[in-house]
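A structural walkthrough
The lines below spell out each chain.
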Amino acid sequence: MIWMIFPLMTYLLINIKIIRKIVLNIILRIYLQLLNSGQFFIFKETISLKKLMIIQKGYSGYTMRIILFFDQIQSGTGGKEGSYVELAVEKGGVASYMMFEEYIKEIGGTVLATTYCSDSYFEKNEETVLTKMEGLINKVKADILLCGPCFNYHGYAKMSAILADYIQKNTECKPVVVCSEENSDVIEKFKDRIVMIKMPKKGGVGLRESLKNMAKVIETVYNKEELKKMENYIYE
């Protein structure tokens, strides 16, 4: 009788594979029907194909288009003192983006490009930077301009706020600035004009949590939702 076990096991394994294939095909057909229906559903960790996120009017496919704006420190192109880095752009997310990449992807965001310059360059070439950034944002149809994390670097926070204010007034892109409370003069001047997100100073406690909160605010801004529910994470 033992010799019959092996054919039986083989038969069962083959049928299990067939059943799994049938079940997966059924699941995929259901997903396609939901996509076409335009209904609102969110699925998390259902099958191991991908993290599936189905939103109203279909699969998001990481459609939130983001441009980053860094200074010389966050871009890794210079230090605090004496750096003169001209405006430049690199494809995708680079340098400090790695700190918060996972949170951006969790909200369905994709970084199209990283732009950067030193605060000293911005101070002497403000109009050039503003117009070039406006042109880039319009060209790639960016949804979000993320300026930061600025930490307590005052020069970075200041030029980010000026840029964000300009972009908000002259494009359809929604800018946000992320900085610490040490930039109080910049915050006080711009908080009623642009979205300014809280974060700790360099070396401060709670960086990881603040970056998670940053992503939540960005998602809220992108979806054009009421910012009231984000009041603990932004400067008002």
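This report concerns the structure included in the present document. Residue positions are given per chain, counting from 1 as you read along its sequence in written order. Residues qualify for local features only when their pLDDT is at least 70, as the model is predicted, and side-chain atom pairs are given and counted only at 80 or more; totals for whole chains, interfaces and linings, by contrast, use all residues. Remark: hydrogens and water are excluded; side-chain values derive from all non-hydrogen atoms of the structure.

Let's shift gears to the environment of D119. For D119, the location among the structural elements is in helix α3 (residues 119-124). For the pair D119 and M159, spaced 40 residues apart in the sequence, the C-alpha separation amounts to 6.6 Å. The contact criterion used throughout is that any non-hydrogen atoms of two residues lie within 4.5 Å. Non-local contacts of D119, meaning those with residues more than four positions away in its chain, are made with Q72, G155, Y156 and M159. Per the convention used, a helix needs a DSSP run of H or I reaching at least four residues, while a strand needs a run of E reaching at least two, with both numbered from the N terminus.

This paragraph deals with unusual backbone geometry. Here the residue pair G148 and P149 is connected by a cis peptide bond, since its omega of 10° sits within 30 degrees of zero. Turning to its location among the elements, P149 is positioned in the loop between β6 (144-147) and α5 (154-170). The phi dihedral of A95 is positive, around 50°, even though this residue is not glycine. Tracing the chain through its elements places A95 in the loop between β4 (88-91) and α2 (101-106). Under the scheme applied here, a residue whose accessible area is under 20% of the maximum for its type counts as buried, over 50% as exposed, and between as partly exposed, the area being computed with a 1.4 Å probe on protein chains only. Given a relative accessible area of 38%, A95 falls into the partly exposed group. Notably, K141 is not glycine yet its phi reads approximately 55°, a positive angle.

Time to look at the packing of helix α4 (residues 126-140) against α5. Fitted lines through C-alpha atoms give the axes, limited to the stretch in contact for helices. The angle between two N-to-C directions lies from 0 to 180 degrees. At a closest axis distance of 10 Å, the pairing of α4 and α5 adopts a crossing angle of 50°. When the interaxial angle is binned, α4 and α5 end up oblique. Viewed along their axes, α4 and α5 form a crossing whose handedness is right-handed. Residues E126, L130, T131, M133, E134 and I137 of α4 form the contact with α5, whose participating residues are I162, L163, Y166, I167 and N170. When residue character is reported, Ala, Val, Leu, Ile, Met, Phe, Trp, Tyr, Cys and Pro are called nonpolar, Asp, Glu, Lys and Arg charged, and the others, Gly included, polar. Classifying every residue of the contact of α4 with α5 gives 7 nonpolar, 2 polar and 2 charged. Note that the term roughly parallel is reserved for angles under 35 degrees, roughly antiparallel for angles over 145, roughly perpendicular for angles of 65 to 115, and oblique for everything else. Throughout, a crossing is termed right-handed when the near helix is turned clockwise from the far one, and left-handed when it is turned anticlockwise from it by less than a right angle.

Function-wise, these values are silent; they only describe arrangement.
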